[in-house]
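# Remarks on the overall topology
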Protein chains: 2
Amino acid sequence: MKGADRKSIVRDQLHEMGVRIYDLLDSGKYPDIEMPSRSVKNIEYDPKLRQYVLGPTSVKRNAKNIKHIRPFTQLVWLASFSKELLSNRKTSTLRDIFYSAQAYNIDFEDQNESDEVITELESILGKAREDFNVYPEERSAIFGDLTIEYTVPGYEGKRLDLTSHPDGVMIGPALTTAAFAQTNAEMVLVIEKGALFTRFVEEKVYKKYNAILIDTVGQPPRSTRYMIRRLHEELGLPVYVFTDADPWGMHIAMVIISGSANAAHLRELTTPDAKWAGVWASDINKYKLPHDPLTELDVKRLFELKSDPRYGEKLWKDEMATFLKYKRKAEQEAFARYGLTYIVDKYLPDKLKLLKEQ
Amino acid sequence: MKGADRKSIVRDQLHEMGVRIYDLLDSGKYPDIEMPSRSVKNIEYDPKLRQYVLGPTSVKRNAKNIKHIRPFTQLVWLASFSKELLSNRKTSTLRDIFYSAQAYNIDFEDQNESDEVITELESILGKAREDFNVYPEERSAIFGDLTIEYTVPGYEGKRLDLTSHPDGVMIGPALTTAAFAQTNAEMVLVIEKGALFTRFVEEKVYKKYNAILIDTVGQPPRSTRYMIRRLHEELGLPVYVFTDADPWGMHIAMVIISGSANAAHLRELTTPDAKWAGVWASDINKYKLPHDPLTELDVKRLFELKSDPRYGEKLWKDEMATFLKYKRKAEQEAFARYGLTYIVDKYLPDKLKLLKEQ
């Protein structure tokens, strides 16, 4: 679905939410809002969707209850402010929202409190905050054979070829809401770090493999996860994720594939068919990579992930066992010990062949 | 100077460095390398250049001295590797250099050691590492009426209009080395944070003020400081820097203007004529901005900066005094309390008028 269509659906949802509250008030009743509970007890793993989802429990905010008046008012204000953003086609950030509230004499103790209310609105609408034009600061990048068509004001209908800037094209509000106009790409390569992303551009990996490259800059912002899903769903492209060989890199791949527990109230942020293409724990031995010992924190993290239902498949279990057996980790850049292009000339084709045969 | 010309000068410098060592060896002498000392004693503030510079003291690495053999070898390897990078028109990162050394059996204890040798090579050449194609990971962004012409392989002669992507165009190796082909811009607005950068794009500040916008994402990477200087020197544009109203934001402006002590061995990273356009400590009172108390760390930092020769001018002294008097700080986003566009409609024109009158 194009960005503009999604936004008009959300605006309609916000409008209905307001009408309902207005009608309740108009008929002399205390207004209320019902929303799914996001408490840990109500978060469960859905093996079919391959992500965490919210269970059936819901909670109600009622203006009759004096304890509810504050969060109820904050929520209604946020809904109205978000509708304004959408109507004026402006975007905002989490931090902006916190300060903007003061213009309306809506009190938030700190940004944690406003962030929490933003998450509540997400769970009511079943839509990510980006859908009501609230964006985080972080930006990742994309590069490859894909021409997009903008939908943001002043740029409607304008197109950009994503190979037009070799440093990578920033994934911000304009890119996330653009339509996919033209592509001959055959796969998406998602990369944890800028260094390897630049290497892949310089070595023309995007040409050799007809690949769209994405630099997540660590754990990807949600708008980037949403873009990865769109590339898979709308263009039918396979997605391969390259990370460091450590529990944190592995989990970057997992969050792209299966999402996170604190986004259990959202769909459309996961790409269950995406594949973790390494660097695996077993690659450290296989390729004799320079490595560092796992820290205590790394080991603790691995034990946490072992009991996580998302890590149930064989690949993950085996790699976690290998991490714990050798207690070693390695970075993507470690391949540079065989020369700057080894990762492109040898590791990448080997790994893609292996994953396609599976 | 265009990127390609700069690079060929550096390649010549590296070549000469190699020839000299070769000739010394060939004539049966121990090779040595002389470089400016970067010890604190040899760093002084140059009021004319308005930046820190290195004094006259130099140090010598001599292969005759057994203690020098390790750093001498590392340095010669780095010079040779950098020449290879330039000849093959490839780029690398600080982290890549650390790992690449292993391919040549050059031993670095950790990345600190390789980073140090990279700084030594900078001081010998008097050029930033970006000039020998070693880039950091961080990326900032640029947007506005400027058409660039690339010089990187595969893109020679291709042009990009920097308004072509409304999320901002990434400042990476390709952009930094591009030539400026066409512009009608009249000023450069440098902004500390993505939120305000996006606001300025959305509110068409680049059109209203004919401004090129730069998002530094905090303390700007050196390639971004180099770009800011180029925009000022090559295009004759005035530069205004917008930061948070706290000692850290103030110092971002100062580093853009006067550079940093640990880059005292470099020129061409400063823009002494750039102006700090706020948010000033005095703006917190003037605009009745939502504010937070200064932390102990903030206050400590202010006392450090007070004794820094770069902070000698009246504006800085007054603002530091105001910070310390009221013990308050505020963020750029704090203007959102007056509505999302107040900073564009009111603050920006007020401040530009004030700075132009000075």
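Rules of the game
- Residues numbered from 1 in each chain as written.
- Chains lettered and ligands numbered in written order.
- Predicted model: local features only at pLDDT ≥ 70, side-chain atom pairs only at ≥ 80, totals over all residues.
- Heavy atoms only, no water.
- Pairing = 2+ DSSP bridges.
- Helix = DSSP H or I, 4+ residues; strand = E, 2+ residues; numbered from the N terminus.
- Axes fitted to C-alpha atoms, helices over the stretch in contact; angles between N-to-C directions.
- Contact = heavy atoms within 4.5 Å.
- Least-squares fit on C-alpha atoms with pLDDT ≥ 70 in both.
- Buried area = accessible area lost by both parts, 1.4 Å probe.
- Salt bridge = Lys/Arg side-chain N within 4 Å of Asp/Glu carboxyl O.
- Polar contact = N/O pair within 3.5 Å; in protein donor to acceptor, adjacent residues only side chain to side chain.
- Nonpolar A, V, L, I, M, F, W, Y, C, P; charged D, E, K, R; others polar.
- Core = buried A, V, L, I, M, F, W, Y, C linked by side-chain atoms within 4.5 Å.
- Buried < 20%, exposed > 50% of the residue type's maximum accessible area, 1.4 Å probe, protein only.
- Domains from an automatic or database assignment.
- Expected span 1.5 Å × (residues − 1).

On to the sheet that holds strand β11 (residues 179-183) of chain B, then. The pairing of strands in a sheet happens through backbone hydrogen bonds and is either parallel or antiparallel. All names here are of chain B. Overall, antiparallel pairing links the three strands, which are arranged β9-β8-β11 in an open sheet. Only two strands of the sheet have a single neighbouring strand rather than two, namely β9 (159-161) and β11. Geometrically, the sheet is characterised by an average inter-axis angle of 25° between neighbouring strands, direction not taken into account. Two strands pair when backbone bridges link them, and strand β8 (residues 146-149) and β9 are joined in this way by three bridges, in the antiparallel orientation. Within β9, the position partnered with E149 by the bridge is R159. Contacting β8 and β11, helix α8 (residues 222-235) runs over the sheet at an angle of about 60° to β11.

A few words on the relation of the copies chain B and chain A. Of the two same-sequence chains, chain B is brought onto chain A (RMSD 0.0 Å, axial shift 0.0 Å) by a rotation of 180°. Overall, the copies show the geometry of a two-fold rotation axis. When the interface residues of chain B are mapped onto chain A, 100% of them again fall at the interface, so both copies present the same face.

Moving on: the interface of chain B and chain A. Taken together, the contact pairs 52 residues of chain B with 52 residues of chain A. In this assembly, chain B packs against chain A so that about 4,200 Å² is buried in total across both faces, 50% of it on carbon and sulfur atoms. Summed over the three residues of chain B that lose the most area to chain A, namely Y99, D167 and M170 of chain B, the buried surface amounts to 16% of that side. Our count for the chain B to chain A interface comes out at six salt bridges. The salt bridge involving E203 of chain A is made with K90 of chain B; its shortest N-O contact spans 2.5 Å. For the interface between chain B and chain A, the tally reads 28 residue pairs in polar contact (both at pLDDT 80 or more). Breaking the side of chain B that touches chain A down by element, the ones donating at least two residues are α2 (69-88), β5 (92-93), α3 (94-103), β7 (140-143), β10 (169-171), α5 (173-176) and α6 (194-202) of chain B. Take the side of chain B that touches chain A: its biggest share by element is six residues, from α3 of chain B. Looking at the side of chain B that touches chain A residue by residue, the class counts come to 24 nonpolar, 15 polar and 13 charged.

Formed by 212 residues in total, the largest nonpolar core has its most connected members in L189 and L213 of chain A together with L189 and L213 of chain B. The residues contacting L213 of chain A, other than those within four sequence positions of it, are A141, I142, F143, L189, I191, F197, F200, V201, V205 and Y206 of chain A.

Here we come to the pairing of β8 of chain B. In terms of strand pairing, β8 of chain B meets β11 of chain B through four bridges, oriented antiparallel. Counterpart to L146 of chain B in the pairing with β11 of chain B is T183 of chain B.

Another point: the domain arrangement of chain A. Many structure descriptions define interface size as the accessible area lost when the parts assemble. Residues and elements named next belong to chain A. Segmentation of chain A into domains returns domain 1 (3-135) and domain 2 (140-357). Relative to domain 2, the C-alpha centre of domain 1 lies at a distance of 31 Å. On the domain 2 side, the residues contacting the 24 residues of domain 1 number 26 residues. At the boundary of domain 1 with domain 2, total buried surface from both sides reaches about 2,200 Å², with 54% on carbon and sulfur atoms. Counting across the domain 1 and domain 2 interface gives five salt bridges. At the surface where domain 1 touches domain 2, the tally comes to twelve residue pairs in polar contact (both at pLDDT 80 or more). For the side of domain 1 that touches domain 2, the secondary-structure elements that each account for two or more residues are α1 (3-26), β2 (43-46), β3 (51-54) and α4 (111-125).

Residues and elements named next belong to chain B. Mapped onto the elements, S82 comes out in helix α2. Classification of S82 as buried rests on a relative accessible area of 0%. In terms of polar contacts, S82 uses its side chain to reach the backbone carbonyl oxygen of L78, at 2.7 Å. If we skip the residues at most four places from it in the chain, S82 touches L14, L121 and F132.

Helical geometry note: an α-helix holds 3.6 residues per turn, so side chains three or four residues apart project in the same direction. Residue and element names in this part refer to chain B. Here helix α4 (residues 111-125) spans 21 Å end to end across 15 residues, near enough to the 21 Å set by a 1.5 Å rise per residue. Here α4 lies mainly inside the structure; eleven of its 15 residues are buried. Buried within α4 we find Q111, E113, S114, V117, I118, T119, E120, L121, E122, S123 and L125. The backbone nitrogen of N112 has a side-chain oxygen 3.2 Å away, supplied by the residue at the start of α4, namely D110. Looking one or two residues past α4, G126 carries a phi angle of roughly 65°, positive in sign.

This paragraph deals with the sheet that holds strand β8 (residues 146-149) of chain A. Residue and element names in this part refer to chain A. Taken in spatial order, the three strands make up an open sheet running β9-β8-β11, and their pairing is antiparallel. The sheet is open, and its two borders are formed by β9 (159-161) and β11 (179-183), each paired with just one other strand. Going across the sheet, the axis of each strand differs from the next one's by a mean of 25°, ignoring polarity. Strand contacts of helix α8 (residues 222-235): β8 and β11, with the helix running at about 60° to β11, the strand carrying the most contacts.

So, on to the side chain of T163 of chain A. Tracing the sequence through the fold places T163 of chain A in the loop between β9 and β10 (169-171). What makes T163 of chain A buried here is its relative accessible area of 18%. Sequence-distant contacts of T163 of chain A, that is, excluding residues within four places in its chain, are made with F143, G144, D145 and Y206 of chain A together with Y155 of chain B.

Buried residues dominate helix α3 (residues 94-103) of chain A, accounting for eight of its ten residues. In this structure, the buried side of α3 of chain A is in contact with α2 (69-87), β5 (92-93), α4 and β6 (134-135) of chain A together with α6 of chain B. Looking one or two places after α3 of chain A, you find N105 of chain A, whose phi comes out positive at around 55°.

Take the pattern of salt bridges next. Any two side chains of opposite charge can pair if their charged atoms end up close together. Scanning the entire structure with this criterion turns up 62 salt bridges over all chains. One salt bridge in this structure joins D96 of chain A and R199 of chain B, with 2.9 Å as the shortest N-O distance. Of this pair, D96 of chain A sits in helix α3 while R199 of chain B sits in helix α6, placing the two residues on different chains. The burial state of D96 of chain A is the same as that of R199 of chain B; both residues are buried. Residues R301 of chain B and E304 of chain B are paired through a salt bridge, measuring 2.7 Å at the closest nitrogen-oxygen approach. Placement of both R301 of chain B and E304 of chain B in helix α11 (residues 296-306) is noted, with a separation of three residues, approximately one turn of the helix. When its relative accessible area of 18% is taken as the criterion, R301 of chain B is described as buried.

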